[in-house]
Structures are given as C-alpha cells and as structure tokens.
Amino acid sequence: MPDAIDMATRARSSKLSASMDGQEVTVAGWVQDTRNLGGISFIQLRDRDGTVQLTLPKKKIEPGLFKELTTIPRESVIAVRGTLKANKEARAGFEIIPSAMAALNVAETPLPMGVIDKVNIDLDTRLSNRFMDLRREQVLAIFKVRDALLGGSREYLSSEGFLEVQTPKIVAAGAEGGATLFKLSYFGREAYLAQSPQLYKQSLMGAGFERIFEIAPAYRAELSDTVRHLSEFTSLDVEMSFVKDSDDVMKVVEGLVAHAITHVSRKCTAELSMLGIEPSEQKPPFPRLTHEECVRLLQGAGKKIEVGQDIDTDGEKMLGDIVKKEHGSRLYFITRFPTELKRGTFYAMRLDEDPSLTGYFDFEFDGEELVSGGQREHRLPRLIAQIEENDMSPEAFEFYLKAFRFGMPPHGGFGLGVERFLHMLLRLPNIRECVLFPRDRVRIAP
Ligand code: AMO
C-alpha cells in the first residue's frame, strides 16, 4: 500500500459528515458503482455502515489517479485519501475529492451475482455466493436486526438475573427424539450433535445455578425440506428453579419476546424500513388458549380435527389468523398440551389433576411455533417412568438422572428458535434468510 494511505486514519462512512468540510479523510471499502459523465465521475464506495460518494472532477484530479479510479471493476476493494466537501446534492450531504488511492484487491469480472442490481436473484444462487449476497444492504439489514434481537434478549435476561452459560454440543444422548439425531464417531464411540441443551440446562438447576440462559447452535436432522426448518439453528434456552408452575415460565417468555421486539423497533428503524416492516411494540400479557380451545376454534372455522389431535402446519396458520382477529394479537400461547402429543418430551411434567394433560405450552408468532417449554418433572421415580414409557433406557440417561438423586429443585424452562423469531418478525419468505451460512438437507457449503 502506498505510504500516502495510512489505514490507522481510516473512518467508516457513518463517522463522516458535512460538518467535517475541508478535512483530509481516509476511507476504504468496496467500489459499488461508478458513473462516468465525461468531465466528472462519481464512485459510490461502500462499507458496512453505508456508502460515501467520491467525486472526481476530471480537470482537478491527477490523470493517472483519475484513470485508475474510474476503470477499477465494481466490487474491488480500495482505500482512498481525499478532502471532504459539504455538498447538499450528494446523498449523505458531502462528497470526497480523492488525492490518492490504493487498490487493495481488484475484483474479477464478471461478478457471480449483482450487489445493487434490482433483478430478483433466486435463493439458491444467493446462498451459493453468500459472501456476495451478504454485501447487499437489505441482506445485511437482517443481520443487524439479528444482532439487536439477541442484544435485547441478553439485556432482558440479564436484568432478570439469568446467568449466560455454554453447554456441550457433542453429547452422549439426545433429548428430542431419535429421528432427528445426527450421529458422529467420537474416538470410536457413538456420539451425537446436541439437538437442544435440555439435559444440561436441567443439570444446572441441580447444580444450584437457579436461572440460566444459553444462545447456541442446535442440530436436527430434519428430513422435511420446509421454509421453517434448518439442520443447524440457534436455540435460545432458558431454565429457572423454584417455579410454581408453567405460568412462571410463560411470564419470562412473554417478557423476553416483548422486550426484544421493542429493542429492535427502537434500534433498527432504518433496517426495518429497508425491509418494509413497520416497527411495532407488543405488550404482554399475550393471550393464553388451551390446546382444546384451539382445536375448537379450528373446528368452528371448518377444519377437520378432534380434541387431542396434533394441529398441523395449515391448522397453525389458520389459528394464527383466528387469534389475530379475535384477540388482536400476533403472539399467543397454546397451553395444556395433551400428554399424548408431548410423550416424546419425557422431561415434561404432567398435570397432577389430570395426567392426560401436561402444563407444557407452545408460544406462537403469526401461526408459527416460536417457543416450547413448561415445568419439568423433577421427581426421579416419575421421570424414570416417563423415560421408560418412551422405550428409552434410563441407563443411557444416568449422567442426567444422577443430578435428580441429590437435590433437584422444581424447575422449568423453554427453548426459542432465534431464526424462527427473525423469520416471523421480518416476514421473510424463507428461514434460511436469517442464517449467514444455512445448513439444510442438501447444503453444507459454503
Ligand atoms: P423444541 O424441539 O420445540 O423444544 O425446539 C424449541 C424451538 O426451537 C426452534 N426449532 C427450530 N428452528 C429451526 N429449525 C429447526 N429444525 C427447529 N427445531 C426447533 C423452534 C422451537 O419452538 N428442549 C425443548 C425446549 C424446552 O422445553 O426447553 C426443545 O428443544 O422455534
């Protein structure tokens, strides 16, 4: 790099303004667009925060520099030193008149896909060229919202006394059913990728951590190729001790979700507007409907379904519309899940007054499941019986069950799919949009 360009003085576009009129500045980024109008040329230089306009009046710029800047291919990375000039006609209210440049990496042509072109590019092409796709401002906006969503979630959980933890992702037993386990060979033994931190977050209640949360990857060998399933997703998990019932857990779910939405709405106004989303604040408490009530609402709307039966994807969507119309809320709980439907969830506590029901809930956003959780079974004999009912062997879970022998408080918790949250909040057509490098049945690269 020429001595003339000192990267230590580089400013990102958001740090520059018209009030710096006359100052020498250094900028660096990607050549987004070049317009040559004969006597004058304009370059839009992009960095993470936006673009700055480089203005090149031909007569005032050294000819070699003019040629180099105006012919460098789009998406090359350059550094430029120059004088900042206030200019009401430039998009940001100022422009930079270059005096030196360094071409840091010249882009090959043609580009694998456009960055600012308005044409629709199919998702597969975008994901195959994801480094390039992520340069697009509306795609980057999703990840800025994701950052705010997680920031707001951490802020809420920390203020409520939850400790952030990390648990293993290579595990000896699955907690969410054998069908979606990824097996791996672990020094000659069979191991699995964690489907959920379920068993560990419960163990931490036995360890006396009282209130914890984790934001980490979870793995599911999902065979169905849908717009809402990933093989690797980010699970936001919460666990808390000394709960009275599932309602204590539900209060944390709604507090967390409402806080995260408000945080995003306030922090990401520009990103939301770019994505065509109205900022909104959702005020808890959110409606609570029992599973039976939901089935009856669906029956009333003409859906063929019986009490105790699982609500399929179409039913979930229908229910989302009904609840929105009747209760005015996009967010709601489905409570008192039939035991039969949560049988695989061996750790769920059943209701003492009616063991055919659990205190388990799902929390829905526009008819898509965002969260599931509830009070856990902390009484060892019942827990063992529930494991056996699922044709699983308590021996395989001994590392987990041991914590229930030596002082386990009553507890409960939930798991929230971070990408599901973004998918619904931003009304994106496909959940893969919410992951930098999504993993599904066919994609493991990039
Ligand atoms: P569950 O299996 O319902 O519960 O998962 C919790 C939440 O994780 C999200 N999710 C997914 N997101 C994207 N792709 C997937 N394949 C996928 N699978 C699940 C959903 C879902 O609501 N251990 C329990 C939670 C608990 O009781 O604490 C569990 O994992 O948003």
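Below is a summary of the structure that appears in this document.

Rules and cut-offs
- Chains are numbered independently. Their residues run from 1 in the order of the written sequence.
- Only residues with pLDDT of 70 or above have their local features reported here, since the model is predicted, and side-chain atom pairs are shown and tallied only from 80 upward, although totals for entire chains, interfaces and linings are computed over all residues.
- Side-chain numbers come from the whole structure's heavy atoms, not from hydrogens or water.
- Throughout this document, a residue counts as near a molecule or strand when at least one of its heavy atoms sits within 4 Å of that molecule or strand.
- Here a polar contact is taken to be a pair of N or O atoms separated by no more than 3.5 Å, where protein atoms must pair a possible hydrogen donor with a possible acceptor and residues adjacent in sequence count only if both atoms sit in side chains.
- Calculation of accessible area relied on Shrake-Rupley with a 1.4 Å probe; when residues are assessed, cover is drawn exclusively from the protein chains displayed.
- Helix and strand assignments come from DSSP, with helices taken as H or I runs of at least 4 residues and strands as E runs of at least 2, each series counted from the N terminus.
- Each residue receives one of three labels: charged for Asp, Glu, Lys and Arg, nonpolar for Ala, Val, Leu, Ile, Met, Phe, Trp, Tyr, Cys and Pro, and polar for the others, Gly being one of them.
- When checking whether two residues touch, look at their non-hydrogen atoms; a contact exists if any pair is within 4.5 Å.
- Paired strands are those between which DSSP finds at least two bridges.
- With axes taken as lines fitted to C-alpha atoms, and helix axes fitted only over the stretch in contact, angles between N-to-C directions fall between 0 and 180 degrees.

A separate point is the site of the ligand. The immediate surroundings of the ligand are formed by 23 residues, with Glu-176, Gln-198, Glu-369, Ser-372 and Arg-376 found nearest. At 3.2 Å, a side-chain N or O of Tyr-347 approaches a nitrogen atom of the ligand. Taking Leu-370, its main chain carries an N or O atom lying 2.9 Å from an oxygen atom of the ligand. Contact with the protein chains hides 94% of the accessible area of the ligand, taken as 620 Å² for the molecule alone. With five residues, strand β17 (residues 368–375) is the single largest residue contributor to the shell around the ligand. For the shell around the ligand, the class distribution of residues is seven nonpolar, eight polar and eight charged.

The residue Ala-258 is located in helix α6 (residues 246–267) in this model. Distance from Ala-258 to Arg-382, taken between C-alpha atoms, is 35 Å for residues 124 residues apart in sequence. Not counting residues up to four positions away in its chain, the partners in contact with Ala-258 are Gln-282, Pro-284 and Phe-286.

The next point concerns the sheet that holds β17. Reading across from one edge, β6-β10-β11-β18-β17-β16-β13-β12 is the order of the eight strands in this open sheet, with mixed pairing throughout. Every other strand in the sheet has two partners, leaving β6 (163–164) and β12 (288–290) as the edge strands with one partner each. Sheet topology note: the strand β10 (residues 211–219)/strand β11 (residues 232–241) ladder contains nine bridges and is antiparallel. Looking across to β11, one finds that Arg-211 is bridged to Met-240. Most of the contacts of helix α8 (residues 291–300) go to β12, to which it runs at about 80 degrees, and overall it touches β12 and β13 (331–335).

In short, geometric facts, not functional conclusions.
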